[in-house]
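Breakdown of the fold
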Amino acid sequence: MKILTLLSLLATHLSASSVNIEENAGQFFSSGHTNNWAVLVCTSRFWFNYRHVANTLSVYRSVKRLGIPDSHIVLMLADDMACNHRNPKPATVFSHKNMELNVYGDDVEVDYRGYEVTVENFLRVLTGRLPPSTPRSKRLLSDDRSNILIYLTGHGGNGFLKFQDSEEISNVELADAFEQMWQKRRYNELLFIIDTCQGASMYERFYSPNLMALASSQVGEDSLSHQPDLAIGVHLMDRYTFYLLEFLEDIHPSSKANMNDLFKVCPKSQCVSTPGHRTDLFLRDPGSALITDFFGSVRKVEITMETINLTEPIQQVEQNFVNEERQKETYSYVDQLPVSEIIHQKPKQKDWHPPDGFILGLWTLILLVFFKTYGMKHLKHIF
Amino acid sequence: PAPKPNQPTSFEATADKEDTSAPETVVQSSVPQPKDDFQEELVIRPLHSGDIYASFQFRTLWETDFMRGNKVSHYRLFPKSLGQVISKFSVRELHISFTQGYWRTMQWGQPFLPSPPGAELWVWFQDSVTDVDGTWKELTNVLSGIFCASLNFIDSTNTVQPSASFKPLGIGNVTDHRFLRYATLPREIVCTENLTPWKKLLPCGSKAGLAVLLKSEKLFHSSFHSQAVHIRPVCQDWQCKTTSWELRQTLNVVFDLHTPGQGKLEWSLFKMFSRTLTEACPLASSSKIYIDITDDPQGEQFEVSPATHLLSQAMVLGDRRTFSVYDLTQQITFGTVRSLNLLIRWKSSEDMLRPLLHAERYVAGYGLQTGEIHTLMYNNHPYRSFPVLLLDSVPWYLRLYIHTLTVTSKGKDNKPSYIHYQPSKDRVRPHLLEMLVQLPPNSVTEVTVQFERALLKWTEYTPDPNHGFYVGSSVISSLVPSIVAMDTNSTREQPLFSSFFPCKEESSYFMRVYTEPLLVNLPTPDFSMPYNVICLTCTVVAVGYGSLYNLLTRSFQIEEPSPGLAKRIANIIRKMRGVPPL
């Protein structure tokens with residue numbers, strides 16, 4: 001009897017734990033994405049917008065720390081703060097006052113910098129319509145199983161975001177770009193975070209599925225900056241991103257925190273503005289979406305027992321013969337400033353010019369013909 | 001420890017065994033892998049102004065052939081990204097440099113490897129390339145991805161094709177200048193994101209050897225920082241019948257004098273780079289540090305610790321200089337503490353040998369309409385004159401008036417023996433001016449040309465147009481007479497810093513000097529005007545047209561006010577009675 005009860009207890013326990021394992025395994029594959037990308041954009045220029053660059057770099061730092069490699073991050077910084085001549089500590093960008101945390105780091109790779117950060121380049125990166133010679137590091141090579149994180153910061157208003165003080169991107173353009181991405185199957189799920197004044201207006205017009213958006217302030221509100229540093233002389237971070245960075249510092253690659261925790265970052269008491277979010281287009285429940293689904297890149301490893309045959313290496317067979325033939329020719333270094341050669345060098349005339357006096361002769365001919373036909377009495381009107 | 005490059009590796013041996021199924025019959029052999037060799041060195045030279053000049057050079061030599069249809073697939077010390085660039089774009093020579101700051105020749109002397117502020121790229125293509133301009137455009141895009149720089153802004157408006165300057169620095173028999181392209185971006189910023197991919201090209205990365213010292217926080221907190229990559233074919237041996245590819249990565253940095261005043265100055269590796277050395281790069285065949293002690297052979301003014309007995313002399317920049325050498329491949333250099341922190345204590349002396357060639361450039365004039373560019377070239381040699389080749393590339397929006405070009409030395413006209421001028425085309429190509437001028441001894445030669453500023457279209461202005469527009473540095477190439485006889489034997493084992501420019505004659509050496517870039521203000525429009533115009537026009541149209549339309553199409557009707565409640569009830573009763581309403 002006791003053995004039976006023990007056996008039955010053991011059986012139920014085993015079945016319960018196996019259900020647990022299956023649940024865990026199920027959750028492991030529930031998000032449906034196989035790779036992660038991040039597009040981080042700072043759109044402001046000039047030294048007093050130091051905080052926007054610091055915002056973007058702190059998100060870059062968190063995203064790199066949680067596992068997304070540089071090849072999957074497109075970082076766009078509209079101005080250079082680290083090596084700016086006004087920076088009292090070159091090659092650093094700080095996010096906390098008293099210079100505690102250098103978010104610039106030692107191995108940063110900026111893909112678009114300075115004047116390259118334009119609305120056109122940003123939309124081309126998103127939609128993938130880039131000229132053929134664009135290098136890989138400047139492309140967003142996502143597919144339909146990619147989760148993409150897009151972070152924008154800068155100066156904005158109701159329905160637009162300002163790029164480098166000279167052009168704007170509107171919320172309609174952004175929504176259309178995301179729709180193009182959806183049509184071309186360039187993302188599985190997309191998280192859009194924006195830290196500007198009236199940021200919620202930028203996600204009002206989205207209409208593609210699987211988009212989740214967060215903004216630092218509602219329409220009619222301004223996002224405020226956090227704290228200045230007296231040595232550097234400018235504000236170092238914006239409030240929303242400062243508390244977002246604080247929140248992300250506690251996340252590690254195997255963390256189970258979900259999106260609902262992210263929505264709680266920076267309440268009105270800390271941020272002064274009201275952060276907003278939009279999840280109606282997101283097909284899953286936000287509570288089931290992990291933070292690391294977007295900010296981290298947990299790589300899924302598949303173990304296989306098959307053997308793979310490597311292809312034959314390329315044999316350099318003929319090289320010996322070719323070398324022997326060529327050995328007759330002796331090379332030498334070129335004279336760097338061959339003065340006599342240069343003086344006697346005739347520059348090549350590429351453009352053909354008519355011979356001298358041709359134009360003069362042509363005009364004389366025209367005048368002669370004119371006076372012949374119409375008579376000499378017109379001469380006094382000309383001269 | 002990496003396998004020695006001379007022996008065929010086990011990979012090769014197994015490939016030979018399993019080759020029975022290959023379509024082409026393989027002549028069995030232990031075909032040796034192409035030999036590659038890596039050397040690194042650091043030269044430290046205290047300057048007379050109290051600053052200290054450190055120059056890193058990393059050289060990889062590889063006996064392989066990227067051309068003639070060979071597909072190179074096994075890369076060892078040579079970085080794969082650059083090897084693929086060379087073979088894909090049929091590059092014969094590539095020189096790219098990123099510089100922050102301007103080299104002050106009068107205070108610091110001559111650099112080992114000169115470079116202009118910003119980014120500079122010049123490339124010689126192979127003569128098999130049919131469309132050089134298209135290949136150039138693709139190459140700049142690819143390099144912008146490799147070095148994280150905005151080199152994609154190099155296009156036809158800032159590319160020139162010099163006709164006499166920038167002859168190839170590697171070996172080669174044909175020099176048709178159709179295959180040369182030269183471009184500068186004076187506005188390019190250099191920061192950690194350019195240093196990171198540069199360090200990744202080194203065989204040991206930044207983990208071992210001299211590259212451990214390259215920390216960005218110290219390197220960019222300096223007066224001058226320049227990093228460059230030079231790729232060229234060189235002679236393999238003294239017979240020079242075969243070529244090998246040489247990749248040189250150089251980094252020059254000048255650190256500021258922090259403590260002013262008299263007395264002894266003290267510099268150490270830790271103070272300069274915030275790191276000390278613990279080992280040489282295991283893949284390097286030679287790893288050395290040279291400290292220039294020429295100014296103090298007796299040891300009175302200098303004090304270098306830890307002391308070393310290795311001395312070497314080298315002919316560099318026309319002068320014979322003495323160096324103390326630290327060999328990092330010897331374990332004894334690191335001593336018992338297993339780390340090397342060189343300490344230099346010295347007294348700065350007042351007199352410095354005046355550099356023989358020096359150049360300056362500035363913009364004269366007033367207003368936003370016209371101006372004048374003045375280039376001054378100083379020849380400080382007491383009795384020898386030498387020729388210089390001046391290359392000027394001016395953007396199209398400064399319209400040069402070449403008929404106002406004057407070259408004067410010592411107040412008299414100095415006619416150049418060669419002038420090549422290519423005029424600019426608006427929005428297509430820049431001005432190119434090349435002149436061969438003989439500089440008389442102990443004189444200043446002034447080249448002036450007047451220009452007029454063009455008005456750009458409003459979309460062509462940068463987002464910060466009030467900063468100004470940059471004009472790239474002028475390049476002055478010359479054969480300067482040397483103080484001691486130069487060594488023309490190119491095969492003797494020489495330190496890297498003295499073997500960059502090939503030396504053909506004993507009495508002079510080749511040198512390049514770059515002037516300052518110019519910052520020119522163009523007339524800037526008010527960018528809010530389109531917005532103002534649209535608002536005003538729309539207001540005028542709405543108010544004017546709207547009122548007119550209303551006046552013309554509005555019709556007036558008389559309407560009775562609605563009657564009160566009592567009247568309405570009375571009207572209802574009257575209607576029921578059949579009587580007309582009130």
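Residues numbered from 1 in each chain as written. Chains lettered and ligands numbered in written order. Predicted model: local features only at pLDDT ≥ 70, side-chain atom pairs only at ≥ 80, totals over all residues. Heavy atoms only, no water.

Let us now look at the interface of chain A and chain B. Counting residues at the interface gives 52 residues for chain A, matched by 71 residues for chain B. Summed over both partners, the interface of chain A with chain B buries about 5,800 Å², with 56% contributed by carbon and sulfur atoms. Looking at the side of chain A facing chain B, the largest losses of area belong to Arg113, Tyr333 and Gln336 of chain A, adding up to 15% of the total buried there. At the junction of chain A with chain B, the criterion picks out 5 salt bridges. In this structure, Lys200 of chain B engages Glu109 of chain A in a salt bridge whose closest nitrogen and oxygen atoms are separated by 2.5 Å. Of all the secondary structure elements, the ones that give two or more residues to the side of chain A that touches chain B are helix 9 (319-326) and helix 10 (339-343) of chain A. Taken together, the residues of the side of chain A that touches chain B sort by class into 24 nonpolar, 15 polar and 13 charged. (Contact = heavy atoms within 4.5 Å. Buried area = accessible area lost by both parts, 1.4 Å probe. Salt bridge = Lys/Arg side-chain N within 4 Å of Asp/Glu carboxyl O. Helix = DSSP H or I, 4+ residues; strand = E, 2+ residues; numbered from the N terminus. Nonpolar A, V, L, I, M, F, W, Y, C, P; charged D, E, K, R; others polar.)

With that out of the way, let us pick up the nonpolar core. Here is a general trend for soluble globular proteins: nonpolar side chains tend to be buried in one another's company. If you look at the biggest cluster of nonpolar residues, it comprises 160 residues, and the most contacted ones within it are Leu57, Leu191, Leu262 and Phe295 of chain A together with Ile289 of chain B. In this structure, Leu357, Met435, Met486 and Tyr509 of chain B belong to the second largest nonpolar core, which totals 38 residues. (Core = buried A, V, L, I, M, F, W, Y, C linked by side-chain atoms within 4.5 Å. Buried < 20%, exposed > 50% of the residue type's maximum accessible area, 1.4 Å probe, protein only.)

Before going further, it helps to spend a moment on the sheet that holds strand 16 (residues 370-379) of chain B. Residue and element names in this part refer to chain B. Pairing within the open sheet is antiparallel, and its 5 strands lie in the order 15-16-22-18-19. The open sheet has two edge strands, strand 15 (357-364) and strand 19 (412-413), and neither has a second partner. Across 8 bridges, the pairing between strand 15 and strand 16 is antiparallel. From the neighbouring strand, Ala364 faces strand 16, where its bridge partner is Glu372. (Pairing = 2+ DSSP bridges.)

All names here are of chain B. Among the secondary structure elements, Ala183 is positioned in strand 6 (residues 180-185). When its relative accessible area of 1% is taken as the criterion, Ala183 is described as buried. The sequence separation of Ala183 and Gln422 amounts to 239 residues, and the corresponding C-alpha distance is 15 Å.

Residues and elements named next belong to chain B. Position of Leu356 relative to the elements: it lies in the loop between strand 14 (343-346) and strand 15. Judged by its relative accessible area of 18%, Leu356 falls in the buried class. The spacing of Leu356 and Pro233 is 123 residues in sequence and 30 Å in space, taken between C-alpha atoms. Those residues in contact with Leu356, other than ones at most four positions away along the chain, are Tyr378, Asn379, Asn380, His381, Phe386, Val480 and Pro481.

A few words on the sheet that holds strand 5 (residues 155-157) of chain A. Residues and elements named next belong to chain A. Judged by pairing direction, the sheet is antiparallel, and its 3 strands sit side by side in the order 5-6-7 without closing on themselves. One side of each edge strand has no neighbouring strand; the edge strands of this open sheet are strand 5 and strand 7 (167-170). Taken pair by pair, the neighbouring strands of this sheet meet at an average axis angle of 30°, ignoring direction. In this sheet, strand 7 lies alongside strand 6 (residues 160-163) in antiparallel orientation, the contact comprising 4 bridges. Counterpart to Phe160 in the pairing with strand 7 is Ser170. On the sheet, helix 3 (residues 119-127) packs against strand 6 and strand 7 and is oriented at approximately 35° with respect to strand 7. (Axes fitted to C-alpha atoms, helices over the stretch in contact; angles between N-to-C directions.)

On to the UniProt feature "transmembrane region" (unreviewed entry) in chain A. Using the residue numbers shown here, the UniProt feature "transmembrane region" (unreviewed entry) corresponds to residues 357-375 of chain A. The span residues 357-375 of chain A is 89% helix and 0% strand, and its two end C-alpha atoms sit 26 Å from each other. (UniProt positions renumbered as here; feature names shortened; annotations may be inferred.)

Turning to the state of the cysteines, a few remarks are in order. Applying the stated criterion across every chain, the model contains 4 disulfides over all chains. What pairs with Cys266 of chain A in a disulfide is Cys271 of chain A, and their sulfur atoms sit 1.8 Å apart. Residues Cys266 of chain A and Cys271 of chain A share a disulfide whose torsion about the S-S bond is about 105°; that sign makes it right-handed. Assessed through its relative accessible area of 3%, Cys266 of chain A is described here as buried. At a sulfur-sulfur separation of 1.8 Å, the disulfide partner of Cys235 of chain B is Cys240 of chain B. Where Cys235 of chain B bonds to Cys240 of chain B through sulfur, the torsion about that S-S bond is close to -65°, and the disulfide is left-handed. Overall, the relative accessible area of 18% leaves Cys235 of chain B in the buried class. Note on Cys240 of chain B: relative accessible area 5%, which makes it buried. (Disulfide = S-S within 2.5 Å.)

Residue and element names in this part refer to chain B. One non-glycine residue, Ser274, lies in positive phi territory at about 55°. Residue placement: Ser274 occurs in the loop between helix 7 (269-273) and strand 10 (286-292). In this model, Arg338 sits at a positive phi of 60°, which is unusual for a non-glycine residue.

With that out of the way, let us pick up a nonpolar patch on the surface. Together, Phe358, Ile359, Leu362, Trp363 and Ile366 of chain A give the surface a local cluster of nonpolar side chains, amounting to about 510 Å² of exposed area. Within the secondary structure, Phe358 of chain A sits in helix 11 (residues 358-374). (Patch = residues over 30% accessible without salt bridge, like charges linked within 9 Å, V, L, I, M, F, W, Y side chains within 5 Å. Areas by Shrake-Rupley, 256 points an atom, 1.4 Å probe, with all protein chains shown as cover.)

Let's shift gears to the packing of aromatic side chains. In the structure shown here, the tally under the stated rule is 37 aromatic pairs over all chains. Relative to Phe58 of chain B, the ring of Phe38 of chain B lies with its centre 6.4 Å away and its plane at 5°, an arrangement referred to as stacked. Placement of Phe38 of chain B in strand 1 (residues 36-46) and of Phe58 of chain B in strand 2 (residues 52-62) is noted, with a sequence separation of 20 residues between them. Just as Phe38 of chain B is buried, Phe58 of chain B falls in that class too. An aromatic cluster is built from Tyr53, Trp103, Trp108, Phe112, Phe224, Tyr290, Phe323 and Phe497 of chain B, whose rings are joined through pairwise contacts. Directly above the aromatic system of Tyr112 of chain A lies the positively charged group of Lys138 of chain A, at a separation of 5.4 Å from the ring centroid. Residue placement shows Arg185 of chain A over the ring face of Trp182 of chain A; its charged tip is 5.0 Å from the ring centre. (Phe/Tyr/Trp six-rings, centres within 6.5 Å; stacked < 30°, edge-to-face > 60°. Lys NZ or Arg CZ within 6 Å of the ring centre and 35° of its normal.)

Residue and element names in this part refer to chain A. Looking at where Ser225 falls in the secondary structure, it is placed in the loop between strand 9 (211-215) and helix 5 (239-249). Looking at Ser225, the relative accessible area reads 17%, which means it is buried. Among the polar contacts listed, one links the side chain of Ser225 to the side chain of His235, at a separation of 3.0 Å. Among residues more than four places away in sequence, those in contact with Ser225 are Arg51, His235, Met237, Asp238 and Arg239. (Polar contact = N/O pair within 3.5 Å; in protein donor to acceptor, adjacent residues only side chain to side chain.)

Residues and elements named next belong to chain B. When you line up the elements, Pro416 lands in the loop between strand 19 and strand 20 (418-422). Owing to a relative accessible area of 13%, Pro416 belongs among the buried residues under this scheme. For the pair Pro416 and Thr406, spaced 10 residues apart in sequence, the C-alpha to C-alpha distance is 9.9 Å. Excluding its chain neighbours within four sequence positions, the residues that come into contact with Pro416 are Val407, Met435, Leu436 and Val437.

Turning our attention to helix 4 (residues 171-183) of chain A. All names here are of chain A. With 13 residues, helix 4 extends 18 Å between its outermost C-alpha atoms, agreeing within 8% with the 18 Å of an ideal straight helix rising 1.5 Å per residue. Buried residues of helix 4: Asn171, Leu174, Ala175, Ala177, Phe178, Glu179 and Met181, and no others. Arg185, located one to two residues past helix 4, shows a positive phi value of around 55°. (Expected span 1.5 Å × (residues − 1).)

Looking now at the pattern of salt bridges. Overall, the coordinates contain 30 salt bridges over all chains when judged by the stated rule. Here Glu193 of chain B makes a salt bridge to Arg113 of chain A, at a shortest N to O gap of 2.8 Å. Of this pair, Glu193 of chain B sits in helix 5 (residues 192-200) while Arg113 of chain A sits in strand 3 (residues 112-113), which puts the two residues in different chains. Since its relative accessible area comes to 4%, Glu193 of chain B is described here as buried. For Asp165 of chain A, the salt bridge is made with Lys162 of chain A, and the minimal N-O distance between the two is 2.9 Å. The partly exposed category is assigned to Asp165 of chain A, whose relative accessible area is 48%. Sharing partners across several salt bridges, the network here consists of Arg59, Arg232, Glu246 and Arg248 of chain B.

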